[in-house]
Structures are given as C-alpha cells and as structure tokens.
Amino acid sequence: MQKILSYGMCSLYLLFCTCFWLYWLIQIFSAASHSTTGLGNTIEGVVLINGTTCMARIDDDFVCATLDWWPPEKCDYGTCSWGRTSLLNLDLNNVILMNAIRAFSPLKIRLGGTLQDKVIYDTEGNPPQCSSFVKNNSELLGFSQGCLPMSRWDELNIFFKKAGAVVVFGLNELSGKTVDSQGSAIGAWNSSDAESLIRYTVNKGYTIHGWELGNELSGNGVGTRVPSHQYASDINSLQNMVQNIYAGFEVKPLVIAPGGFFDANWFTEFIKETPESLQVVSHHIYSLGPGVDDHLIDRILDPSNLDSVSQTFSSLRSILKSSGTRAVAWVGEAGGAYNSGHHLVTDAFVFSFWYLDQLGMASSFDTKTYCRQSLVGGNYGLLDASTLVPNPDYYSALLWHRLMGRNVLSTNFSGTNKIRAYAHCSKKKQGITLLLINLDGNATVQVHVSTENATSLSTSTSQENQTPRTRFATMSRGSKISNITREEYHLTAKDGDLHSQTMLLNGKILAINSLGDIPFLEPITVNQSDPITVAPFSIVFAQIPYIIFSVCN
C-alpha cells in the first residue's frame, strides 16, 4: 500500500512538473511574440513611401526659431519664465548660444513677437530717450512702448553674421494707427520709422532675409486687429519701400505678412489684394491651448488632436493655389501652448512628439519654413531660458535640419494609429530619410518599409532596375545586398520620463561639454534586412541610402 501511495505521489509530482514546464514554455513563447522590451506588445507595421512625384518642397533652411521682445516682467499664471532672453538683453557673448546657432549652418531666425507692434527704432538719435518696455496693464498688450537702440541693432547683426544665421525682422504695423472702441486699429501705416531702420540697415551692410509686417493682427487679432484691405494697402507700401531702398540689389529681402492666426476669409481677402507685393504668407500655431492646462500631454499623445491642425495647412494651401499668387506659406511662430508654454512639458522630451509631427505635417502641405517659438525664452525654448543649455527639442530640430531634405515624399503607415510617419529625400546624401514617432508607451513597433517606384541599390539586373514596382526594403539575410546598411537615430527620454529635459540618442545622453560644444549626433548602423524597431514613446530617424527615387536626384 505504501509503495502504491509513493508511486501515486511521484506521478502527481511528475504531472505537476510537466504542467509547470509547459506553462512557462507557453509564457516564454508568448513573451517572444508580443514583447521585445518587457514594456508591452510588439506590433508589426508597414510604411509605404510613394516616390512617383515630390508631393511638396521645403526651404533648405526649413527649421526656424524665434527671438522675442518680452522683458523679464512678462509673467503668465504667476510664473515669469522669460528672464534675460529679450532681443534687448540677451547675452550675445554666451558661447552656448553661439554654438547652438552655428550647429545648423544656417539657422533661420525670426525676430519679433507680440510687442513688435509697440517698438520704435532709435535711428539718427530719434527719439531722444530710447526706453525699454515697462509693464502697464492699462496699456495695449500690457506694456508701454519700447525702443530698439541702434547700438543694440548693431550688436545683434554682428552676432548673427558670426553665427551664420538667416535673419527675418518683424516691423511695427501699428505705427500711425489708433485703436477704436471695437478693438480695430484704424488708419494707414506710418512707414517712416520702418524706412529709417531699413535704410540704416542697408547703409551698414547688414543682410536681412525678410521684412515681416505686424504680429497677430489678422482676423480677430490679439489685443487689436487690422482689417484685411488696410493690411493689404500697408503691405503694398512696404513692398514699394523695399523695391526702392534695395534698388540695384540682385537679391532683395522677402516681404512677409501677416504673422497672425489663420482666418480663412481674412486671409483670402488679404492675399487677393496683394498679388505682387507679398512673397510669404505667415501664420501662427498654438493648437494645444493655454500653457496652464494640465492635460497638455494627453493632447500631444492623441493622434486625432495632432491631425486636427492639418485643416489649417490644407485650407491655406488651397487659398494660395486658387489665388494665383506666387507667395508661399510659412509658419512664422509656433509654441504649441500659448502664454509661454508649460515647464516640464513644452521644454521636455514629450514635446518632441508634437514638434516633429508639426514639422512633418507642415512640410507635407508645402509649408516652406517653420519657426519655433522660441530659440530661447519662455517655457518652450529650444534652449533653456536660464542656462541656454539645449532642451530636447533642440536636438530634434537639429536632426531634422541635417537629415530631412527639401523634397517631401508621400508616406502612409499601416499597423497602428500611434505611429506618425514622414519621409523626405535625404539631405546631401543618397536615398531617403524616414521619421517615425511612436506615441504608444506600451508597444514596440517593428516597421517594414515598402516603396513605390524605387530603385533599390543592389546587384539586380538593369531590366529589374528599370521596372517600377512596389518592393519591400527589408529583404532576406541571404540576399546579395544583405550587407547594405542604413543609419538610425533613436531618441528616448532619460529613465523613460516624458517630463525629462534630458534626451538620449541611441541610449547615450545628449549634453554639451565644458566648453559649450554641441555634442556629435552619432547614428547606429543597422542591416537593411532588419525592420526598423521603434521602442515605446520613442522617435526614430532612419537614413536609408539603398532606396533611390528619381525625384531625389
């Protein structure tokens, strides 16, 4: 009887061991098929890139940043986040600032903002006292009139020349106007002050890429507004002035306007009345709402919210096409969340999801330039307002600038709506560059690249190369081109914290050294037969030299 019991216990033990082993075997296989990071599932996806035609074309210096007029007294929601970052007091001797701009070679910089329409210029000793802005809530926009001394204008231009910046300057459109009881600015633009500044600038030999008139005065305006017909008349005056002052110059500065929020009816009328006077139609984007909002991250990670902005880009493109104008579209200012942004959101890693998606979306709608608010200042600077050390978005902008070429390719992703995908011909290199943004914090996405009308760099016959076809870039390891590689740049947050102001590139912290040098942005090399692995809450730039489109030549 004892032997029978012992045998039975042994059988039960063996059965238990077998079941336990089978259970863990199933778990291991399940984990292998659903997770590569331990943080969630693995999803397979395909990005289809159509190289039949170029869907849009951007400026070579598409990435742009702003410098503003706000003094230290500018505060929002009880926080004063601007410090000494104004055009009037920014430390131009700071080596980090110089290196940060030089790294772009060049960086387009737009000088302007809310207070530009209250700035007078101290040319020829006029006015006798050149005063700074003083906070006064009873005045329009909450500040008194301010003044730009020509000594400071000299310093700025010398600095920008050394840094290799491309400069756009915002002129005061409210000069000579009065604001009525309805909030409209009435009267023609008094151009005399602007003319003095432009003539001074030309006489000094300073190069200005564009003169922009006014800031956020279109449509309903901010603080006040200018009717479209009057704005058009003012732009015609500016164009005549530029043509006159720059007579004999082979290349003349651009005339840019209105630098305000998009209003379809207002923009339509304005563009219709400036067919020959306007080279750039600029508009501003703060699509995430107020900086004080505690739900900004939810909006940033919501694909439908990101998509909603496309209507603005699409509408403006349609207006420009139907008007017959030769003017092109710029985003002249975009900080995402208005009133100076939100600390540890708009200056943290998570904001690169919104920012890079904006760059990708804007470029796909033929926007030529995209100016980020700000280079430094507020809680949305590419550089920290206190230390001038680069925030995560600085490195995102720099990678875009160096990798994404002018020709924009039609791109579609299937597999999950949490991946945002954009592709351009590569900049100064053969092939294409693909940008992949993973808004999912739980899923790793294995991305396969499919192309239409591409010629793969391979040892295939000339007949195969001449036959347009849809083909996958990922090929078997046994193929003849399995040794061809691509370069990948994986961006993640330090410790996986979306609020982190430290960005990792391929697992290494991006930080300036003790001399203030911008770090080298080094890619990893990946075999072409491997899919592109996009980790949860990460961003990947993939420079793919073996996918060749004729539109990229």
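What counts, and at which threshold
- Residues take numbers from 1 onward in each chain, read along the sequence in its written order.
- A pLDDT threshold of at least 70 governs which residues receive local features in this predicted model, and a stricter bar of 80 or more applies before side-chain atom pairs are shown or counted, although totals over entire chains, interfaces and linings include all residues.
- Just so you know, side-chain values use all the structure's heavy atoms and leave hydrogens and water out.
- Should DSSP find at least two bridges between two strands, the strands are taken to pair.
- The numbering of helices and of strands both runs from the N terminus, where a helix is a DSSP run of H or I of at least 4 residues and a strand a run of E of at least 2.
- All axes here are fitted lines through C-alpha atoms, helices being fitted over the stretch that makes contact, and every angle between N-to-C directions spans 0 to 180 degrees.
- We call two residues in contact when some of their heavy atoms are within 4.5 Å.
- The buried label goes to any residue with under 20% of its type's maximum accessible area, the exposed label to any with over 50%, and the partly exposed label to all in between, with areas taken from a 1.4 Å probe on protein chains only.
- For this analysis, a salt bridge means a side-chain nitrogen from Lys or Arg found within 4 Å of a carboxyl oxygen belonging to Asp or Glu.
- Note on terminology: disulfide denotes any pair of cysteine sulfur atoms within 2.5 Å.
- Throughout, the term roughly parallel applies to angles under 35 degrees, roughly antiparallel to angles over 145, roughly perpendicular to angles from 65 to 115, and oblique to all others.
- Put simply, a crossing is left-handed when the front helix is turned counterclockwise from the back one by less than a right angle, and right-handed when it is turned clockwise.
- Any residue that is not Ala, Val, Leu, Ile, Met, Phe, Trp, Tyr, Cys, Pro, Asp, Glu, Lys or Arg is counted as polar, Gly included; the first ten are nonpolar and the last four charged.
- Classification of ring pairs rests on two measures: the distance between centres of Phe, Tyr or Trp rings, Trp counted by its six-membered ring, which must be within 6.5 Å, and the angle between planes, read as stacked under 30 degrees, edge-to-face over 60 and tilted in between.
- For the purposes of these results, a polar contact is taken to be a pair of N or O atoms within 3.5 Å, where, inside protein, one atom must be able to donate a hydrogen and its partner to accept one; residues adjacent in sequence count only when each atom of the pair is a side-chain atom.

The next point concerns the sheet that holds strand β7 (residues 166-171). Read around the closed barrel, the 8 strands follow the order β3-β4-β7-β10-β11-β12-β14-β16; overall the barrel is parallel. Averaged over all pairs of adjacent strands, the angle between their axes in this sheet comes to 25°, without regard to strand direction. Pairing analysis gives 4 bridges linking strand β4 (residues 108-111) to β7, with the strands arranged parallel. Residue pairing across strands places Leu 111 opposite Phe 169, the latter belonging to β7. Against the sheet, helix α6 (residues 264-272) touches β11 (254-261) and β12 (280-285), its axis set at about 165° to β11. Sheet contacts for helix α9 (residues 310-323): β12, β14 (328-334) and β16 (367-372); angle to β12, the most-contacted strand, approximately 165°.

When you line up the elements, Gly 170 lands in strand β7. Gly 170 sits in the buried class, given a relative accessible area of 2%. Taking C-alpha positions, Gly 170 is 4.9 Å from Gly 112, a pair spaced 58 residues apart along the chain. Other than its neighbours up to four places away in sequence, Gly 170 contacts Leu 111, Gln 116, Tyr 121 and Glu 212.

The subject of this paragraph is the pattern of salt bridges. Using the criterion set out here, one finds 19 salt bridges in the structure. With its nearest N and O atoms 3.1 Å apart, the salt bridge here joins Lys 108 to Asp 59. Of this pair, Lys 108 sits in strand β4 while Asp 59 sits in the loop between β2 (56-57) and β3 (63-67); the two residues are 49 residues apart in sequence, bridging distant segments of the chain. By relative accessible area, which is 18% here, Asp 59 ends up buried. In this structure, the salt-bridge partner of Lys 177 is Asp 234, at a minimum N-O distance of 2.9 Å. Of this pair, Lys 177 sits in the loop between β7 and β8 (178-179) while Asp 234 sits in helix α5 (residues 228-245), placing them 57 residues apart in sequence. In this structure, Lys 177 and Asp 234 share a single accessibility class: buried. Here the salt bridges do not stand alone but share partners, grouping Asp 59, Asp 61 and Lys 108 into one network.

The next thing to look at is the side chain of Ser 175. Following the sequence through the fold, Ser 175 ends up in the loop between β7 and β8. By relative accessible area, which is 18% here, Ser 175 ends up buried. Not counting chain neighbours up to four residues away, the residues in contact with Ser 175 comprise Ala 188, Trp 189 and Asn 190.

A full pass over the atoms with the stated rule returns 4 disulfides. Between the sulfur of Cys 75 and that of Cys 80 lies a disulfide, 1.9 Å long from S to S. Between Cys 75 and Cys 80, the disulfide has an S-S torsion of 90° and is therefore right-handed. Residue classification places Cys 75 among the partly exposed positions, given a relative accessible area of 30%. Under the relative-accessibility criterion, Cys 80 is labelled partly exposed at 46%. Here Cys 425 pairs with Cys 552 through a disulfide, and the sulfurs are 1.9 Å apart. Here Cys 425 and Cys 552 share a disulfide; its torsion about the S-S bond, -75°, makes the bridge left-handed. Placement of the pair is Cys 425 in strand β18 (residues 419-426) and Cys 552 in the segment after β29 (547-548), with a sequence separation of 127 residues.

This brings us to the packing of helix α3 (residues 150-163) against helix α4 (residues 192-203). Two elements in contact, α3 and α4, have axes separated by 12 Å at closest approach and are oriented at 50°. Relative to α4, the element α3 lies oblique. Regarding α3 and α4, the two cross each other, and that crossing is right-handed. Counting all contacts with α3, which are made through Met 150, Trp 153 and Asp 154, the residues of α4 involved are Leu 197, Tyr 200 and Thr 201. Here the residues of the contact of α3 with α4 are counted per class, giving 4 nonpolar, 1 polar and 1 charged.

Let us look at the packing of aromatic side chains. In total, this model carries 22 aromatic pairs according to the counting rule given. Relative to Trp 211, the ring of Phe 169 lies with its centre 5.8 Å away and its plane at 70°, an arrangement referred to as edge-to-face. Taken together, the positions of Phe 169 in strand β7 and Trp 211 in strand β10 (residues 210-213) put the pair 42 residues apart, joining distant regions of the chain. The exposure class of Trp 211 is buried, given its relative accessible area of 0%. Here the aromatic rings of Phe 349 and Phe 353 are separated by 5.5 Å at their centres, their planes lie at 85°, and the arrangement is edge-to-face. Like Phe 349, the residue Phe 353 is buried in the burial classification.

What follows deals with the side chain of Gln 543. Topologically, Gln 543 is positioned in strand β28 (residues 539-544). A polar contact of 2.8 Å, which involves the side chain of Gln 543, links it to the side chain of Ser 426. The contact partners of Gln 543, leaving out residues within four places of it in the chain, are Ser 426, Lys 429, Gln 430, Ile 432, Thr 433, Arg 486 and Glu 487.

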